Every structure is written in structure tokens, then in C-alpha cells.
Amino acid sequence: MKNIPAAFFIIAFCPSLTAQPAVDLDKLVAAYAKNEKFNGSVLVAQKGAILLQKGYGYKNAGNKEDNDGNTIFQVGSITKQFTAAIILHLQEKKKLSLQDKLSKYFPALSFGNKVTIEHLLSHTSGIYNYTNDESFMKTESIKPVSQERILALFKDKPLDFEPGAKFSYSNSNYILLGYIIEKVTGKPYEQVMHEIIFTPLHMDHSGFNFTTLQSPDKATGYFVLTKSASTQAPVVDSSASFAAGAIYTTVGDLYRWDRSLYTEKIISKASLKNAYTRRKDKYGFGWVIDSAFGKQVYQHGGGIFGFTTFIERSPEEDICIILFDNKGDGGLEKMAAGMNAILHNQPYDLPKEKIAITVDTAILKQYAGEYELAPNFILTVTLEDGKLMVQATGQGKAEVYAEKENFFFLKIADAQVEFTKGVDGKTDKLILHQNGRDMPAKKIK
């Protein structure tokens with residue numbers, strides 16, 4: 001399920017040359033929280049010292065319980081770097097090879113002789129992404145699901161491309177890696193993760209079955225969480241997200257993972273270098289390889305019903321930024337960029353709430369219709385009681401507010417919608433501005 005991640009206006013802010021980074025970091029996150037653009041927990045560390053570890057907003061809005069530095073979140077796809085580490089660890093123990101064909105473990109898969117473990121790790125397999133199955137995500141992902149059912153979602157679909165030729169992010173890749181780990185070790189994936197990583201690193205607040213977790217530190221996930229409204233998200237079952245996204249943890253536990261990567265306690269330096277080597281589209285093995293302020297950074301986000309997460313490491317400078325949000329908005333990369341700027345004593349941005357203007361109803365009527373953002377993914381725009389509403393395929397309706405006559409923003413998500421006209425003067429498309437991307441959607445009805 002996709003969530004259109006809350007909009008805000010950015011104003012330039014220059015840090016004081018004498019201000020402590022911790023003060024500015026807290027000020028930045030507090031501004032996002034005040035404007036309802038962040039609700040979660042943060043940890044920022046530099047050179048082995050934690051500069052900020054704190055919670056913002058509600059862990060549970062119904063009970064008015066606050067987030068803090070020990071709140072437990074589902075972290076979604078951050079799970080992938082742990083799965084990748086287990087695979088690399090098993091390769092070091094000569095239990096498997098990255099060049100193993102998928103057919104060695106799943107001989108019945110028609111594409112098994114083409115796809116290797118390395119293709120799975122780097123999202124270059126071409127295997128259909130099972131979480132694109134809207135019906136499954138709506139009705140089955142919140143219940144226990146068998147391996148056979150998961151495999152059935154993609155085993156008979158043709159590959160999108162020849163393995164190794166392109167990058168295409170697919171959760172199916174990492175689900176398969178989890179099943180391979182079980183076949184190689186003869187143990188449940190979760191048990192292997194505890195034995196090899198969680199227990200040695202004392203990640204004592206980390207695990208998998210978030211549905212049954214009984215802890216006062218457990219966060220509730222929300223699709224919508226504002227001062228005036230909240231919509232609680234269902235919990236994705238760990239069997240449905242599995243090795244692609246089932247881990248729950250705290251910012252403190254994830255920082256223990258960061259510290260371990262400066263050692264060879266879990267994987268060797270050679271294996272870590274392999275994980276940090278770009279294949280296609282800046283992706284390594286469970287990490288995106290990028291740069292910031294002239295230094296290499298390694299990062300990954302996570303998104304699962306009600307939660308968005310982000311981790312960024314800069315080993316050259318010993319910087320680690322961890323952001324967990326339990327209202328599922330997204331936009332954490334922008335916050336992390338501001339934090340990184342603070343740590344480098346550079347100008348950064350503070351969010352400020354936008355003020356909506358009134359647009360004539362006759363103009364709003366011109367925007368109503370259906371816009372195709374991607375195959376089988378439609379944005380439906382309607383005018384209801386003078387309000388312009390947008391509804392994405394498989395999601396609820398959200399009101400958009402006018403900043404300009406043809407430019408609108410959401411208050412519950414970090415996204416803006418711009419309408420454009422063709423040569424005939426009629427609305428022909430919209431552009432969704434989200435997470436630094438400009439995504440056009442042609443009007444089809």
C-alpha cells in the first residue's frame with residue numbers, strides 16, 4: 001500500500017557559528033514536529049558521541065503517550081541491510097555463494113536458472129514485486145501468510161528484464177533471501193537473525209512479531225495523525241513482510257548496529273565493502289550509496305503501514321542519523337539533509353506551515369477528473385462541498401489546499417499537486433511533487 005507522504009514551506013536558516021549542534025538538531029526536529037511533519041524518535045551521533053536521542057509527538061495518540069528515545073517502531077525496509085548481512089556472513093562461512101543460482105534452492109521457479117543471489121541482493125533480478133499486488137496488501141498482509149502463498153504472488157510472472165540488466169526495487173528479492181537463509185541454516189530466519197546479529201550486539205529491543213509484541217514502549221502506527229484527526233494503521237504481519245521488512249527496533253538498538261559496522265564482529269571489512277559497492281542505480285546490498293558534503297554516505301529508508309524510517313551513515317566522518325516516524329508520512333530524507341547540514345555548519349531549512357488561499361469554485365471544477373500516475377495507479381480529483389479532494393488508488397481521500405490558483409498542498413502528507421493546461425486551455429495533467437521528485441500524471445477522464 002502506498003501513502004502519499006504533509007506539505008510545508010521552506011525558509012532558509014543560517015546556524016549560529018557558536019551554537020552547539022545538539023541544540024540546532026533539536027530545534028530542527030521540533031519545528032517539523034510542531035508543524036505536524038514529524039512524529040517519532042531521533043538519534044544523531046558523531047564520532048561516537050550521541051548528540052540527540054529523543055522522541056517527539058505521540059507514541060499512542062489515544063492514550064496521549066509520548067514518544068521517547070526508547071520507543072519501538074517497525075522499520076520496514078531497513079530490514080534489508082540485516083538480511084544482506086546474514087547472507088554475506090553465510091558466504092564467509094562458505095555455506096553459500098553470491099553466484100548461486102536461485103534454482104539451487106527453488107528448482108520449481110521457471111526463472112531460477114537465470115537469477116543469482118547477487119541479483120536478489122542488488123534488486124537486479126527482474127522479479128515482480130509482490131507488494132505491488134494491491135489485493136494482497138489490502139486483505140492478506142495483516143494476517144499470517146505461508147511461504148507458498150507469497151511465492152504464488154510472483155512465481156508465474158515473467159521477469160521484467162534480463163537479470164543484471166537493470167535495477168528494479170522488489171521486495172520479492174529479499175523475501176527469497178530470507179527463505180534461502182532458512183534452507184541453508186535449517187533454522188527460522190528470525191532465530192538466525194537473533195543468533196548472528198541481535199544477541200551479539202545486545203539489540204535487546206529488536207525482533208519481528210510486532211503484532212503480538214507486548215511492551216509499554218511499542219508505538220502505534222498511523223496513516224493520519226494531526227491535532228484534529230487520527231487514522232490508526234493496521235499492523236503488517238511479520239510473515240508478510242518477513243526478510244524484506246519485518247524488523248522492529250529502537251533508535252538506540254539501530255545505533256548499536258551502526259557501531260558494529262566499524263568492526264568485523266558480524267561481517268568482514270571485505271563483505272561490508274561488497275555491500276557498499278554500487279551496482280545499478282546507486283544500490284549495493286541493502287544500502288543506497290550516495291554522497292553529501294563531499295563524503296560518501298550509505299543510507300536506506302523504510303515504509304510499512306503507519307511507519308516510515310531512515311538511516312544514514314557517513315563512516316569517513318563517523319556520523320549516523322536515524323529517524324523513525326509513526327505516522328507514515330515520509331519526507332525523512334529532507335530532515336536528514338538538514339541534520340547533516342547542521343553537523344557541517346552549513347545553512348539548513350526550517351519548515352513553516354503554508355497558508356491556504358481561496359480559489360473560485362468554477363476554477364476548481366476544471367481540475368476534477370482521473371489522472372494516471374502509473375499503470376493501474378490513478379489519482380482521482382473531485383470537488384466536494386467546495387473542497388478539492390484527491391484520492392490515490394487503494395487509499396482514502398485527502399483534501400488539498402490552494403497555495404496558488406493551480407498549485408495545491410496536502411496538510412497530512414509531504415506532497416504538492418500542480419495542475420497544467422494544454423494548448424486548448426483545458427486541464428491536461430497534474431504534477432505530483434513528492435520527496436524531491438516531480439511526477440506527471442496525464443488526465444485520462
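Higher on the page you've got the structure.
Bear in mind that the values here come from a model prediction, so they are computed numbers and not experimental data.

Colleague: Honestly, the pairing of strand β16 (residues 377-384) in this entry has me stumped. Any pointers?
Modeller: The two faces of the sheet receive side chains in turn, since in a regular strand these alternate between them. Here strand β15 (residues 369-374) pairs with β16 via five bridges, running antiparallel. Opposite Tyr 371, over in β16, you have Leu 379 as the bridge partner. Hairpin connection between β15 and β16: a loop of two residues separates the two successive antiparallel strands, and Asn 376 in this loop has a positive phi of roughly 65°. Direction of pairing for β16 relative to strand β17 (residues 387-392): antiparallel, over a ladder of six bridges. In the strand pairing of β17, Glu 384 is matched with Lys 387. Following β16, the chain reverses through two residues before pairing antiparallel with β17; Asp 385 in that reversal takes a positive phi of roughly 55°.

Colleague: Help me out: how do you make sense of the packing of helix α2 (residues 79-92) against helix α6 (residues 171-185) in this one?
Modeller: How two helices sit against one another is set out by the angle between their axes and by the gap between those axes. Where α2 meets α6, the closest approach of the two axes is 10 Å, and the angle between their N-to-C directions is 40°. Viewed along their axes, α2 and α6 adopt a mutual orientation that is oblique. Regarding α2 and α6, the two cross each other, and that crossing is left-handed. Touching Lys 80, Thr 83, Ala 84, Ile 86, Ile 87 and Leu 90 of α2 are Asn 171, Tyr 174, Leu 177, Gly 178, Ile 181, Val 184 and Thr 185, all from α6. Split into classes, the residues belonging to the contact of α2 with α6 amount to eight nonpolar, four polar and one charged.

Colleague: Before we go on, may I ask you to explain the pattern of salt bridges in this structure?
Modeller: Note that side chains of opposite charge can pair when their charged atoms are close. Here the structure, examined in full by the defined rule, presents 16 salt bridges. Note that Asp 100 is salt-bridged to Lys 104, the shortest N-O span being 3.5 Å. A relative accessible area of 11% places Asp 100 in the buried class. You can call Lys 104 exposed: its relative accessible area is 55%. Here Glu 195 ties to Lys 187 by a salt bridge, and the two come within 2.9 Å at their closest N and O atoms. The exposure class assigned to Lys 187 is partly exposed, which follows from its relative accessible area of 32%.

Colleague: Whenever I open this one, the sheet that holds strand β20 (residues 415-421) confuses me. Can you help?
Modeller: Pairing between sheet strands relies on hydrogen bonds along the backbone, with the strands arranged either parallel or antiparallel. Within the closed barrel, the eight strands sit side by side as β15-β16-β17-β18-β19-β20-β21-β22. Their pairing is antiparallel. Between one strand and the next, the sheet's axes are offset by a mean angle of 30°, whatever the strand orientation. Bridge count between strand β19 (residues 407-410) and β20: three bridges; the pairing is antiparallel. Across the sheet, the residue bridging to Phe 407 is Glu 418, located in β20.

Colleague: When you look at the packing of aromatic side chains in this model, what are you seeing that I'm missing?
Modeller: Any aromatic ring pair is given by two values, namely how distant the centres are and how the planes are angled relative to each other. Applying the stated criterion across every chain, the model contains 23 aromatic pairs. These aromatic residues form a ring-pair network of at least three members: Phe 82, Phe 106, Tyr 179, Tyr 189, Phe 198, Phe 208, Phe 242 and Trp 257. The ring of Tyr 262 has Arg 313 sitting right over it, with the charged end atom 4.8 Å from the ring centre.

Colleague: It is not clear to me how the sheet that holds strand β10 (residues 288-292) should be interpreted in this structure. Could you clarify?
Modeller: The strand order across the open sheet formed by six strands is β3-β2-β13-β12-β11-β10, and the pairing between neighbours is antiparallel. At either margin of the open sheet sits one strand with a lone partner, and together these are β3 (49-56) and β10. Neighbour to neighbour, the strand axes of the sheet diverge by 15° on average, direction disregarded. As judged from the seven bridges shared by strand β2 (residues 40-46) and strand β13 (residues 319-325), these two strands associate in the antiparallel manner. Counted as the bridge partner of Val 42 is Leu 323 from β13. Helix α11 (residues 332-343) rests against β2, β3, β10, β12 (307-314) and β13 of the sheet, and its axis sits at about 150° to β13.

Colleague: Would you explain unusual backbone geometry in this entry?
Modeller: The phi torsion of most residues other than glycine is negative, and most of the peptide bonds are trans. One non-glycine residue, Phe 293, lies in positive phi territory at about 50°. Topologically, Phe 293 is positioned in the loop between β10 and β11 (295-304). Positive phi, close to 55°, is recorded for Asp 385, a residue that is not glycine. Mapping Asp 385 onto the fold places it in the loop between β16 and β17. For Asp 385, a relative accessible area of 81% corresponds to the exposed category.

Colleague: What exactly am I supposed to notice about the environment of Ala 341 here?
Modeller: For Ala 341, the position within the fold is in helix α11. For Ala 341, a relative accessible area of 4% puts it in the buried group. C-alpha of Ala 341 to C-alpha of Leu 25: the two residues are 316 residues apart in sequence and 9.8 Å apart in space. Excluding its chain neighbours within four sequence positions, the residues that come into contact with Ala 341 are Phe 293, Gln 346, Pro 347 and Tyr 348.

Colleague: Even after reading the chapter, I still don't get the nonpolar core, so can you show me in this structure?
Modeller: Note on soluble globular proteins: their nonpolar side chains tend to be buried together. Among the nonpolar cores identified, the biggest contains 85 residues, and Phe 82, Leu 102, Leu 176, Ile 197 and Trp 257 are the most heavily contacted of them. For Trp 257, the contacting residues outside a window of four places in its chain are Gln 81, Phe 82, Ala 85, Ile 197, Leu 201, Met 203, Ile 266 and Trp 287. Grouped together as the second largest cluster of nonpolar side chains are 25 residues, Leu 364, Phe 377, Ala 398 and Leu 430 included.

Colleague: What exactly am I supposed to notice about the side chain of Ser 141 here?
Modeller: Structurally, Ser 141 is set in the loop between α4 (134-139) and α5 (147-152). The exposure class of Ser 141 is buried, given its relative accessible area of 1%. Separated by 2.7 Å, the side chain of Ser 141 and the backbone oxygen of Met 137 make a polar contact. Setting aside chain neighbours within four positions, we find Ser 141 in contact with Phe 136, Val 236, Asp 237, Ala 240 and Phe 305.

Colleague: Sorry, what's going on with the side chain of Lys 80 here?
Modeller: Residue position: Lys 80 is located in helix α2. For the buried Lys 80, which has no salt bridge, the nearest side chain bearing the opposite charge is Glu 333, at an N-O separation of 13 Å. Setting aside its immediate chain neighbours within four residues, Lys 80 contacts His 123, Tyr 169, Asn 171, Tyr 174, Ala 243, Ala 244, Tyr 283, Gly 286 and His 300.

Colleague: How should I be thinking about the pairing of strand β22 (residues 437-443) in this particular structure?
Modeller: Bridge count between β15 and β22: two bridges; the pairing is antiparallel. Across the sheet, Glu 372 pairs through a bridge with Lys 442, a residue of β22. By the bridge criterion, six bridges tie strand β21 (residues 427-434) to β22 in an arrangement that is antiparallel. Paired with Lys 429 across the two strands is Lys 442, which belongs to β22.

Rules of the game
- Residues numbered from 1 in each chain as written.
- Predicted model: local features only at pLDDT ≥ 70, side-chain atom pairs only at ≥ 80, totals over all residues.
- Heavy atoms only, no water.
- Pairing = 2+ DSSP bridges.
- Helix = DSSP H or I, 4+ residues; strand = E, 2+ residues; numbered from the N terminus.
- Axes fitted to C-alpha atoms, helices over the stretch in contact; angles between N-to-C directions.
- Parallel < 35°, antiparallel > 145°, perpendicular 65-115°, else oblique.
- Left-handed = near helix turned anticlockwise from the far one by under 90°.
- Contact = heavy atoms within 4.5 Å.
- Nonpolar A, V, L, I, M, F, W, Y, C, P; charged D, E, K, R; others polar.
- Salt bridge = Lys/Arg side-chain N within 4 Å of Asp/Glu carboxyl O.
- Buried < 20%, exposed > 50% of the residue type's maximum accessible area, 1.4 Å probe, protein only.
- Phe/Tyr/Trp six-rings, centres within 6.5 Å; stacked < 30°, edge-to-face > 60°.
- Lys NZ or Arg CZ within 6 Å of the ring centre and 35° of its normal.
- Core = buried A, V, L, I, M, F, W, Y, C linked by side-chain atoms within 4.5 Å.
- Polar contact = N/O pair within 3.5 Å; in protein donor to acceptor, adjacent residues only side chain to side chain.
- Lys, Arg positive; Asp, Glu negative; His and termini not counted.

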